Amino acid sequence: MKKSVLIIALFLALQPLAFAQDKIPQFDTRHKNVYAEFLGSHILAGVNYDMRLKKGVMDGIGFRAGVGGISTTTSDIDSEVSLGIVTFPLEINHLVGKKRSSFVTGAGLLPVYASFSSEAGTLDDYEYITGEGFAVVGGFLSMGYRYQPKKSGVMFQFHWNPLILRGTGFTAGWFGLGIGVGFK
């Protein structure tokens, strides 16, 4: 009986210490994240800035703006093709979770700047094709998990990121991985 009372008393005494790390953080600024994203709405890779709109909370409505893209060149004996894409994803998002772990959802637009050039032909008859331009090529959705620091430190995000592109439609099998720093 004495052992049971001692164990219960010890449990009750240590319980506040065990849950002290899970307290909701208190601060007077907006929570922000800067992170690198692989795949996701950047197509290949990019950098994002994310911020909550309400001061003093780590959840709720926020926005994300980023820049990223891809550049590639292929060539053989008779031709050379170059493609460059710069993505500028803009997203309104919502986090559910008052502590470090959150469920993130969002929807956004995908403006893209693209440059294409191609040189093809034999030695006496070269054709050169070039083009570049800026357009909103579609949109995207985001749904996933975010781990963020209570004050400052490493943040991590994994999300399902289906793309809705002009001309090709809905691409459901797209995922993104983000890692960076969160701060107040």
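Keep in mind it's a predicted model, so treat the numbers as computed, not measured.

Peer 1: Would you mind going over the pattern of salt bridges with me for this structure?
Peer 2: Oppositely charged side chains may form a pair once their charged atoms are brought near each other. Summed over the entire model, instances satisfying the criterion amount to five salt bridges. With a shortest N-O distance of 3.1 Å, arginine 146 and aspartate 50 are connected by a salt bridge. Here arginine 146 is found in strand 7 (residues 125-147), whereas its partner aspartate 50 is found in strand 2 (residues 45-52), with 96 residues between them in sequence. Judged by relative accessible area, arginine 146 falls into the buried class, the value being 0%. Classification of aspartate 50 by relative accessible area gives buried; the value is 0%. Between arginine 64 and glutamate 91 there is a salt bridge, with the nearest N and O atoms lying 3.1 Å from each other. Of the two residues, arginine 64 is situated in strand 3 (residues 60-75) and glutamate 91 in strand 5 (residues 90-96); the sequence distance between them amounts to 27 residues. When sorted by exposure, arginine 64 lands in the same class as glutamate 91, which is buried. Taken together, the shared-partner salt bridges connect Glu37, Arg64 and Glu91 into one network.

Peer 1: Could you clarify how one ought to interpret the packing of aromatic side chains in this entry?
Peer 2: Given two aromatic rings, their pairing is described by the distance between the two centres and the angle made by the two planes. Across all of its chains, the model carries three aromatic pairs by this definition. With a centroid separation of 6.2 Å and 55 degrees between ring planes, the pair formed by tyrosine 49 and phenylalanine 63 is classed as tilted. With a gap of 14 residues between them, tyrosine 49 in strand 2 and phenylalanine 63 in strand 3 connect regions that are remote in the sequence.

Definitions and cut-offs
- Residue positions are counted from 1 within each chain, in the order its sequence is given.
- The predicted nature of this model means local features are confined to residues of pLDDT at least 70 and side-chain atom pairs, given and counted, to a pLDDT of 80 or more, with totals for whole chains, interfaces and linings taken over all residues.
- Side-chain numbers here rest on the full set of heavy atoms in the structure, without hydrogens or water.
- When a carboxyl oxygen of Asp or Glu lies within 4 Å of a side-chain nitrogen of Lys or Arg, that pair is called a salt bridge.
- Per the convention used, a helix needs a DSSP run of H or I reaching at least four residues, while a strand needs a run of E reaching at least two, with both numbered from the N terminus.
- Buried, partly exposed and exposed residues are distinguished by accessible area as a fraction of the type maximum, computed with a 1.4 Å probe on protein chains only: under 20%, between the cut-offs, and over 50%, respectively.
- Two rings from Phe, Tyr or Trp (for Trp, the six-membered ring) form a pair when their centres sit within 6.5 Å of each other. Planes less than 30 degrees apart are called stacked, planes more than 60 degrees apart edge-to-face, and all others tilted.

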